[in-house]
Structure formats: structure tokens, C-alpha cells
Number of protein chains: 2
Amino acid sequence: MTSKMPQNAKRVFKGRIFEVWQWEQKMFDGSVEVFEKLKRPNTAQVIPVVGDKILIQIEEQPQRKQSFPSIPGGRFDEGEEPLQAAKRELLEETGYVSSDWILWKEVDPLFKIEWTVYTFIARNCIFEKEAETDAGEKIETRLVRFEEFMKIATEDPSFYSPEIVPDLLRLQFNPEKKEEFRKLLFEEK
Amino acid sequence: MTSKMPQNAKRVFKGRIFEVWQWEQKMFDGSVEVFEKLKRPNTAQVIPVVGDKILIQIEEQPQRKQSFPSIPGGRFDEGEEPLQAAKRELLEETGYVSSDWILWKEVDPLFKIEWTVYTFIARNCIFEKEAETDAGEKIETRLVRFEEFMKIATEDPSFYSPEIVPDLLRLQFNPEKKEEFRKLLFEEK
């Protein structure tokens, strides 16, 4: 599924995160209607591998009542490329860096929003400095084994990266593909 | 996950489908920032059971290049209740009615949009009259066996009801729960 905006679309509102766009759409019977779609900054998220573990986060946000498990990530800054955004989010939220990155998945979650979620694997992460979370985040970092990561991501309904859940579920039930994924995370190339 | 808007949020834009809302959010350090969230009409979608088959749709839309499989459904009209919207969409898009409804799932797909997707099962559907699709829809109806439905919904990446895919995937790999689901669709109560 791609969520690209039609070329004749015009922006009718710009908020802090979301933009609203509209265009005249020719219908099947030849009539014309105004269609609407949103745009928002793309998202980069990271599965960070630290030694033989995967780093997950237990996150709190000011407007949400309960903490939730997630992987590091966030919105692109203006003009950022996917890998650049992934590296920045990983460093800011966890203090880790990596020089061994793989773009694992690219998903457009909704047809009505021009928005792509890039999921990277950061292999062999190294701790560089204290995390710099902003005033809108409380993030606790936890290192978990591969099986625990798979379990949390596919079974905890509050896990906050819904874009990768169907793919991880498919891996859970396909031992061969799952082993390939484990190797992709942990083994020498 | 719930996507309810905070009580102090104010609407700053109203489009044709989407509304943009903002509010002042107290951060963890006591500072205040403007947060943003969307609202859109809820969605009702239906798994319609016709005899020993499930009705799926092959749908075309004017702004999308390729047709895609889906189940009947769409946005609530102003003031509609979930079941009411589900009944109307089923009748409009397929011409079928049912007097045996089950609310199967209720999902808020994204934290940043106040939006609930209700998935109903319509048991024992009966054809009442020709479908009344609007000028923005070309819908072909197809009756498929249970196993084929499960396969399309979980394996075809263009299947357009992403909200129910993780649950259907879990059923695909749990024979007992899958049989319960099959009975829920097809067997006398």
C-alpha cells in the first residue's frame, strides 16, 4: 500500500504535526468531488541489538495514563533522511550508536495519510553517552533476550509499534524464517 | 489502546473527514507544550456470512491504481451508532441484510487519531436488493469459503482491513481458537 498524495492536491491546513490536503477527484461516473488526505512527518524506529540482547523501552508520555513497551523511534526532523532520523532517535532516546544498520521494513500504515514508517535494525550497538529525552518523554531502557522481545512485541497489546506486529507474528509461527531473523540481528555477516 | 481526546482540547480545523485538535499539555518537568491530535468519524466494517460462505469485496476507488480485497464497511454518518452504521454499509455496498449481529472487535488504530474501528459479524445474511454504491466506489462481491477468507485476509498485503489482520493471524496459528471463530460465523447459537 502506498499513501502518496495526488499531484493536484493542495494544502488547506498546517498544524504542528499534521497537514490537511484536498483535491478535486474525478469519480467513476465523471462527476467531481473534493477528496481529503493528511500528511505527517515520516517515522523512523529502531530494533537495537546490544550484545546478545535487544533493547526495548518502557515509555511514559504526559497525556497517557499507562506506561507501554516500545522500540526507540520518532518523527523525522525537517529535511532528514530515514537512516539519519533513525540514528538521531536511537542516540537521543537511548545513548547508543551503531555503525551496522539494516533497513528492515518500510510500511505506509494508512491510505489516508501520506506517512511512511521505516523500521531499522541497528546491529552491534555501543553505548556512547547519556540519553537526552525531552520533557515529553520518560523512558526506561531494558535489555531483553530475543524470545522475550518476540513475545512482548506480539502478545502485549500495549506494545507501541503496531506497524511491525503482523510481520513479527508471521515469524513467530515460521521457525525457519524466525531463525533467519535472529541471525540477521545477532550473527556476523 | 484508547485514543480519547483530552478534555481541554480545542478544535483548530475542520476538514471534510478530519478535524485537527490542540491542547496545552503539562510536561514532566512542569513546562507546557501544545499537543495535537486528530478526530475522524468512526468506521464500521462487517464480516458477512452468506450460507456456508463469507462475502468479500474486490474494490476499486478513483484515486487508487489497483483493485484490492476488503470487507464491507465505511465511515459513520453523523449521529450514527456502531451497529446502525454497520447495517447501512452492508446494505449499501452489498444489498444484504442480517438480523443476527455480533460485535467482534473494537480497535483504536492510532493513538494520535480519535478513531474507533468496529468489526461486526453479520450471520445468516439474506440478499434484499441491489447494492447502491456511490460514484466513488466500484465494488465486486465474491463469496468465498472460510479458509480462503482467512488466507486472503492474512496473506494478501493489499487486503484493506489492517485492523483485524493481527487477530486473524493469531487464529491462523491456533487451531482451537480458529475453530471457535469458524463456529461463531457459521453455527447455530
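Here's the deal with the packing of aromatic side chains
Turning to step 1, where the next piece is worked out: Under the defined criterion, the tally for this structure stands at 18 aromatic pairs over all chains.
Turning to step 2, where the next piece is worked out: Ring geometry for Phe173(A) versus Phe173(B): centroids 4.0 Å apart, planes at 10°, classification stacked. Of the two residues, Phe173(A) is situated in the loop between helix H3 (165–172) and helix H4 (175–186) and Phe173(B) in the loop between helix H3 (165–172) and helix H4 (175–186); the pairing between them involves two chains.
Turning to step 3, where the next piece is worked out: Taking the relative accessible area as the measure of exposure, Phe173(B) reaches 35% and is therefore partly exposed.

Examining the relation of the copies chain B and chain A
Turning to step 1, where the next piece is worked out: When chain B is fitted to chain A, the best match, at an RMSD of 0.0 Å, comes from turning it 180° and sliding it 0.0 Å along the axis. Viewed as a symmetry operation, the transformation between the two copies matches a two-fold axis. If distances are taken from each C-alpha of chain B to the rotation axis, the shortest is found for Pro166(B), at 2.8 Å.
Turning to step 2, where the next piece is worked out: When the interface residues of chain B are mapped onto chain A, 100% of them again lie at the interface, so the same face is used by both copies.

Side note on the sheet that holds strand E2 (residues 19–26) of chain B
Working definition: the strands of a sheet are paired by backbone hydrogen bonds and lie parallel or antiparallel to each other.
Turning to step 1, where the next piece is worked out: Overall, mixed pairing links the 4 strands, which are arranged E1-E2-E3-E10 (chain B) in an open sheet. Both outer strands of the open sheet, strand E1 (10–14) and strand E10 (113–114) of chain B, are each paired with one neighbouring strand and no more.

Examining the confidence of the model for chain A
Turning to step 1, where the next piece is worked out: Mean pLDDT over chain A works out to 94, with 99% of the residues at or above the 70 mark.
Turning to step 2, where the next piece is worked out: Here the predicted complex carries an ipTM of 0.90, next to a pTM of 0.93.

Criteria and thresholds
Residues numbered from 1 in each chain as written. Chains lettered and ligands numbered in written order. Predicted model: local features only at pLDDT ≥ 70, side-chain atom pairs only at ≥ 80, totals over all residues. Heavy atoms only, no water. Phe/Tyr/Trp six-rings, centres within 6.5 Å; stacked < 30°, edge-to-face > 60°. Helix = DSSP H or I, 4+ residues; strand = E, 2+ residues; numbered from the N terminus. Buried < 20%, exposed > 50% of the residue type's maximum accessible area, 1.4 Å probe, protein only. Least-squares fit on C-alpha atoms with pLDDT ≥ 70 in both. Contact = heavy atoms within 4.5 Å. Pairing = 2+ DSSP bridges. pLDDT = per-residue confidence, 0-100.

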